[in-house]
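# Chains, contacts and geometry: an overview
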Amino acid sequence: MVKSCPYFPQCGGCDYQNLAYEEQLALKIDLIKKYLNIKELKVFPSQPFNYRNRMDFAFFKNGIGLREKGKWYKLVDINYCLIAKEKINQLLKEVREYFKSVDYFDIKKHIGTFRYAVIRSALTSTISFVINEKSENKEEALRLIKNFVFLTSADNIIVCEVPPNTDVSISENYQVIKGIDLLYTKINTKEFYFHSQGFFQVNDDLTEKLHQYVSEILNHYETKDSQLLDFYGGVGVFGIMNSEKFKEVIVVDNHQLSLNLVKKNCELNKVKNVYPILLEDRDLKELSLNKPLFVIADPPRAGIHPKAINYLNKIKPDLIIYVSCNINQLIKELKEFTNYLIKSVAFFDFFPQTKNLELVVELIKKHSSS
């Protein structure tokens, strides 16, 4: 039975609300097999609703909501989002009831104050209010938010300031109004803090399954005297989850706020062989890496930088596990990994009701087997 969303198809948040979940999965599986030219695919489904642990709701003249499909300048007023976790919907209700008729940001004119309420829910919850740093009404906005602290069930309240000519919903220019600037979660047996202004996977159940799957891949290889490169590593989840398998783990990322948490997460999990390095992906060649080497790469939608691909091709790690959220970019880049063959592909349906895909590709060196 297909759940009925009153905002579909006007709201741009979903693509497949009109299809039963089994049909959505079948569509995506066929697409992946066709695009990657593969016959075998491991499939990890998700719960179809109430799975997202992050939503970026935009303030506008008539309320707060999400963008219209195909119209970046128009918004749909949202009372309840079917794909968001229940805690997020609870916090959305609190925001809606308190912030009525606010000085909203006009995305065409680039004026106004309130831009986004970014609501995140892990084992702790955070609302980040994103405001226009050039607004003349910042002080009034801050006063409203400070009063809201006494009415909300969110653990953390943060105010972020962003330039009016950019459309971003995170910022390093922020202040904590309540709680802390971090969220706390558990993945399988490990504990992690991640930054309210950084990236983290949006589907908790599938995140656990993905990490378990990647660990199982590594179990098929001899790794104990090897080095692991956790590339685009963020707060070090892949590295810490698999640290006991390796002699040394290097976590590389260009986001300082996330990388700062690698040490904290290592202490939390009593891990001593993981080392964070702040580095742009294009500069990977500057890193001194040891052999045998294994790589887990989890880049953003833009993919792995071409210079990093060239370097990986040159130094030939024993194994590359590529975690991709952009199949079109993945297809382009797999052709560039000229020294590697696809051994396995897994599809994790991180984003039910949408066209988005999350894939894990196991790449082994040509003329190599395990």
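Details of the structure are given in the entry above.
A few words now on the overall build of the chain. Broken down by element type, the chain carries eight helices and 17 strands. Taking 21 Å as the expected radius of gyration for a compact globule of 370 residues, we find that the chain reaches 21 Å, a close match to that expectation. Principal-axis analysis of the C-alpha atoms places the extent of the chain at approximately 65 × 45 × 35 Å. Counting over 370 residues, the chain shows a buried share of 58%.

What follows covers the packing of aromatic side chains. This structure, assessed with the given rule, holds 19 aromatic pairs. Through a chain of ring-to-ring contacts, three or more aromatic side chains come together here, namely Phe59, Tyr98, Phe99, Phe114, Phe129 and Phe148. Against the face of Tyr73 rests Lys108, its NZ or CZ located 4.5 Å from the ring centre.

Another aspect to go through is the sheet that holds strand β17 (residues 358-365). Strand order across the open sheet formed by eight strands is β1-β16-β17-β15-β14-β11-β12-β13, with mixed pairing between neighbours. Only two strands of the sheet have a single partner each, and these edge strands are β1 (42-44) and β13 (274-278). Strand-to-strand twist of the sheet, defined as the mean angle between neighbouring strand axes without regard to direction, takes the value 20°. Both strand β15 (residues 319-324) and β17 contribute to a ladder of six bridges, which runs antiparallel. Looking across to β17, one finds that Ile321 is bridged to Glu362. The sheet contacts of helix α1 (residues 21-36) involve β1, β16 (340-348) and β17, and relative to β16 the element is tilted by about 170°. Each of β12 (248-253) and β13 is contacted by helix α6 (residues 256-268), which is oriented at about 170° to β13, the strand it contacts most.

The subject of this paragraph is helix α8 (residues 327-336). The set of residues buried in α8 consists of Ile327, Gln329, Leu330, Ile331, Glu333 and Leu334. Where α8 is buried, its residues meet α1, α7 (306-315), β15, β16 and β17. In this structure Asn326 caps α8, since a side-chain oxygen of it lies 3.2 Å from the backbone nitrogen of Asn328.

This brings us to the pattern of salt bridges. For side chains of opposite charge, pairing can occur when their charged atoms come near one another. Applying the stated criterion across every chain yields a total of ten salt bridges. Among the salt bridges present, the one from Asp15 reaches Lys69, with a minimum N-O distance of 3.2 Å. Of the two residues, Asp15 sits in the segment before α1 while Lys69 sits in the loop between β3 (63-68) and β4 (71-77), which places them 54 residues apart along the sequence. Take Asp15: its relative accessible area is 24%, and that puts it in the partly exposed class. Take Lys69: its relative accessible area is 36%, and that puts it in the partly exposed class. Linked by salt bridges that have partners in common, Arg67, Arg115 and Asp167 make up one network.

By the secondary structure assignment, Glu139 is in helix α3 (residues 138-148). Looking at Glu139, the relative accessible area reads 62%, which means it is exposed. Residues Glu139 and His220, 81 residues apart in the sequence, show an inter-C-alpha distance of 57 Å.

When you tally the buried positions in β15, you get six out of six residues, the bulk of the element. The two faces of β15 match: Leu319, Ile321 and Val323 on one face and Ile320, Tyr322 and Ser324 on the other face are all buried. Relative to β15, strand β14 (residues 293-297) runs parallel, the two being bridged by four bridges. Paired with Ile296 across the two strands is Ile321, which belongs to β15. Where the polypeptide runs from β14 across α7 and back to β15, its parallel neighbour, the crossover connection is right-handed.

In this fold, Leu25 is placed in helix α1. Look past the residues within four positions of Leu25 in its chain and what remains in contact with it is Val43, Pro45, Phe347 and Asp349.

Criteria and thresholds
Residues numbered from 1 in each chain as written. Predicted model: local features only at pLDDT ≥ 70, side-chain atom pairs only at ≥ 80, totals over all residues. Heavy atoms only, no water. Helix = DSSP H or I, 4+ residues; strand = E, 2+ residues; numbered from the N terminus. Rg over C-alpha atoms; globule rule 2.2 N^0.38 Å. Buried < 20%, exposed > 50% of the residue type's maximum accessible area, 1.4 Å probe, protein only. Phe/Tyr/Trp six-rings, centres within 6.5 Å; stacked < 30°, edge-to-face > 60°. Lys NZ or Arg CZ within 6 Å of the ring centre and 35° of its normal. Pairing = 2+ DSSP bridges. Axes fitted to C-alpha atoms, helices over the stretch in contact; angles between N-to-C directions. Contact = heavy atoms within 4.5 Å. Polar contact = N/O pair within 3.5 Å; in protein donor to acceptor, adjacent residues only side chain to side chain. Salt bridge = Lys/Arg side-chain N within 4 Å of Asp/Glu carboxyl O. Right-handed = clockwise from strand over helix to strand, strands pointing away.

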